[in-house]
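Letter by letter, the chains look like this.
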Amino acid sequence: MKYNRTYNFSAGPATMPEEVLEEIRDEMMNYKGSGMCVMEMSHRSKVYQQIIDEAEQDIRDLMSIPDNYKVLFLQGGATLQFSMIPMNLMKNGKAVYIETGAWSKKAIAEAKKVGEVIVAASSKDKNYTYIPDCSDLDIPEDTDYVYICENETIHGVTWNKLPNTKGHVLVSDQSSMFLSKPCNVSDYGVIYGGVQKNIGPAGLAIVIIREDLIRDDLTDLPVYLQYSTHAGAGSMYNTPNCWAIYVCGKVFKYLKKIGGLEAMEKINIEKAKIFYDFLDESKMFVGTVVPEDRSLMNIPFVTGDKDLDAEVIAYTKAAGFENLKGHKSVGGLRASVYNAMPKDGVIALVECLKKFEAEHK
Ligand SMILES: *Cc1c(COP(=O)(O)O)cnc(C)c1O
């Protein structure tokens, strides 16, 4: 393997396309004749303005984002959005949340500090191993929005069919599935995510928000917490995360080059299938999620025996596969197979697990 890099199955920060890392390396000392590294640049400079403008245009192209949506590059990670969303979107002080795992649960806890939260459906009864039926939810008329975490990074469930919001605004946390497949942006009021799972370096959240949801009457809210502040300043009210925006821009260009989100989805389906087929055939390993709601990105699996799980993790690590330990709330193992995980990495991991199974019959 070039550079002697490991196959990194981390849930985030996570693996990135090698080609992008090489480009960044090549531009490190002197970005396109500017005489400096992007890390050293003023965010008010012409050269940086072009970087952020291109990044915005490229994600707009990739996701076909309609003109009446703003794209914001914010700090505070996805976590700050757990608070900013209710603070900005709760006009009537009421929102519906669907509880499908650790990340929606965290969002619910924060929203409760701001207003009334109705948990209209939950899969807690089976430790978040499925997506509840949301085709006919009880949604009060004055609900400000319906909130989902579209891919639960820890529990490994994903929404294949969006909930019926009955005409209400849909808000989605796409952190761990951002740009993994085509997305019909106009189905949503807000899409957001931290970029360190499926796109780039940590420290940046991207918020795609329909313009009519950006309010300018929230003068009591700290200025930094208002979407209008950032929308009005082109994501440069203060110094943005210049570096992360630059790197994400590179990833957007890379995705466009390989054929966009349709092409990416095809590869992701292929990779996930290789892994799930293995799990379904294995006599030792079991996927924890019901087949219909399995994530393409995060695959939790167990042997059913804690000591054996630990043995597998040590075995894979020794064989050059990193970060396969499952989250403590699920246990076992988890393979995160984001966009940038090559198919060869998935095949190699499956071979390694098969070998382990054969040796431990
Ligand atoms: C990681 C993650 C978050 C939190 O992201 P930060 O950027 O660390 O705040 C939120 N939601 C989901 C689905 C995640 O995977």
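Residues numbered from 1 in each chain as written. Predicted model: local features only at pLDDT ≥ 70, side-chain atom pairs only at ≥ 80, totals over all residues. Heavy atoms only, no water.

Topic: the overall build of the protein chain
Moving on, step 1. The helix and strand tally for the protein chain stands at nine helices and 12 strands.
Moving on, step 2. In terms of overall size, the protein chain behaves like a compact globule, its C-alpha atoms giving a radius of gyration of 21 Å where 361 residues would be expected to give roughly 21 Å.
Moving on, step 3. The dimensions of the protein chain, computed from C-alpha atoms along their principal axes, are 65 × 60 × 30 Å.
Moving on, step 4. Residues counted as buried form 55% of the 361 residues belonging to the protein chain.
Moving on, step 5. A sequence separation of at least 24 residues applies to 68% of the contacts in the protein chain between residues at least 6 apart.
Moving on, step 6. Counting 40 positive and 49 negative side-chain charges, the protein chain places the centres of these two groups 3 Å from one another. (Helix = DSSP H or I, 4+ residues; strand = E, 2+ residues; numbered from the N terminus. Rg over C-alpha atoms; globule rule 2.2 N^0.38 Å. Buried < 20%, exposed > 50% of the residue type's maximum accessible area, 1.4 Å probe, protein only. Contact = heavy atoms within 4.5 Å. Lys, Arg positive; Asp, Glu negative; His and termini not counted. Charge placed at Lys NZ, Arg CZ, Asp CG, Glu CD.)

Quick look at the packing of helix H8 (residues 306–318) against helix H9 (residues 343–359)
Moving on, step 1. The interhelical angle for the contact between H8 and H9, taken along N-to-C directions, is 130°, at an axis separation of 11 Å. Here H8 is positioned oblique relative to H9, judged by the angle of their axes. The two elements H8 and H9 cross, and the hand of that crossing is right-handed. In this structure, H8 uses Leu308, Glu311, Val312, Tyr315 and Thr316 to contact H9, whose residues at the interface are Leu349, Cys352, Leu353, Lys355, Phe356 and Glu359. (Axes fitted to C-alpha atoms, helices over the stretch in contact; angles between N-to-C directions. Parallel < 35°, antiparallel > 145°, perpendicular 65-115°, else oblique. Left-handed = near helix turned anticlockwise from the far one by under 90°.)

As for the environment of Ile267
Moving on, step 1. Topologically, Ile267 is positioned in helix H7 (residues 260–281).
Moving on, step 2. Spatially, the C-alpha atoms of Ile267 and Pro342 are 9.0 Å apart, while their sequence positions differ by 75 residues.

Structural notes on unusual backbone geometry
Moving on, step 1. Of note, the bond from Gly12 into Pro13 is cis; its omega dihedral lies within 30 degrees of zero at -15°.
Moving on, step 2. Relative to the elements of secondary structure, Pro13 occurs in the loop between strand E1 (7–8) and helix H1 (18–27).
Moving on, step 3. For Tyr128, which is not a glycine, the phi torsion comes out positive at approximately 55°.
Moving on, step 4. The class for Tyr128 is buried, based on a relative accessible area of 5%.

Notes on the site of the ligand
Moving on, step 1. Around the ligand sit Gly77, Ala78, Thr79, Phe82, Trp103, Cys149, Asn151, Thr153, Asp173, Ser175, Gln196 and Lys197, and that is every residue in its neighbourhood.
Moving on, step 2. A distance of 2.5 Å separates an oxygen atom of the ligand from a polar atom in the side chain of Thr79.
Moving on, step 3. One of the side-chain nitrogen or oxygen atoms of Lys197 is found 2.5 Å away from an oxygen atom of the ligand.
Moving on, step 4. The protein chains hide 88% of the 390 Å² of surface that the ligand would expose on its own.
Moving on, step 5. If one sorts the elements of the shell around the ligand by residue count, helix H3 (residues 77–89) sits on top with four residues.
Moving on, step 6. Here the shell around the ligand is built from residues that sort into four nonpolar, six polar and two charged. (Near = heavy atom within 4 Å. Polar contact = N/O pair within 3.5 Å; in protein donor to acceptor, adjacent residues only side chain to side chain. Areas by Shrake-Rupley, 256 points an atom, 1.4 Å probe, with all protein chains shown as cover. Nonpolar A, V, L, I, M, F, W, Y, C, P; charged D, E, K, R; others polar.)

Topic: the sheet that holds strand E6 (residues 169–173)
Moving on, step 1. In space, the seven strands of this open sheet follow the order E2-E8-E7-E6-E5-E3-E4, with mixed pairing throughout. One side of each edge strand has no neighbouring strand; the edge strands of this open sheet are strand E2 (69–74) and strand E4 (116–122). Each adjacent strand pair in this sheet contributes to an overall mean axis angle of 20°, direction not counted.
Moving on, step 2. In this sheet, E6 lies alongside strand E5 (residues 145–149) in parallel orientation, the contact comprising five bridges. The partner of Val146 across the bridge, within E6, is Leu170. (Pairing = 2+ DSSP bridges.)

These figures capture arrangement, not role.
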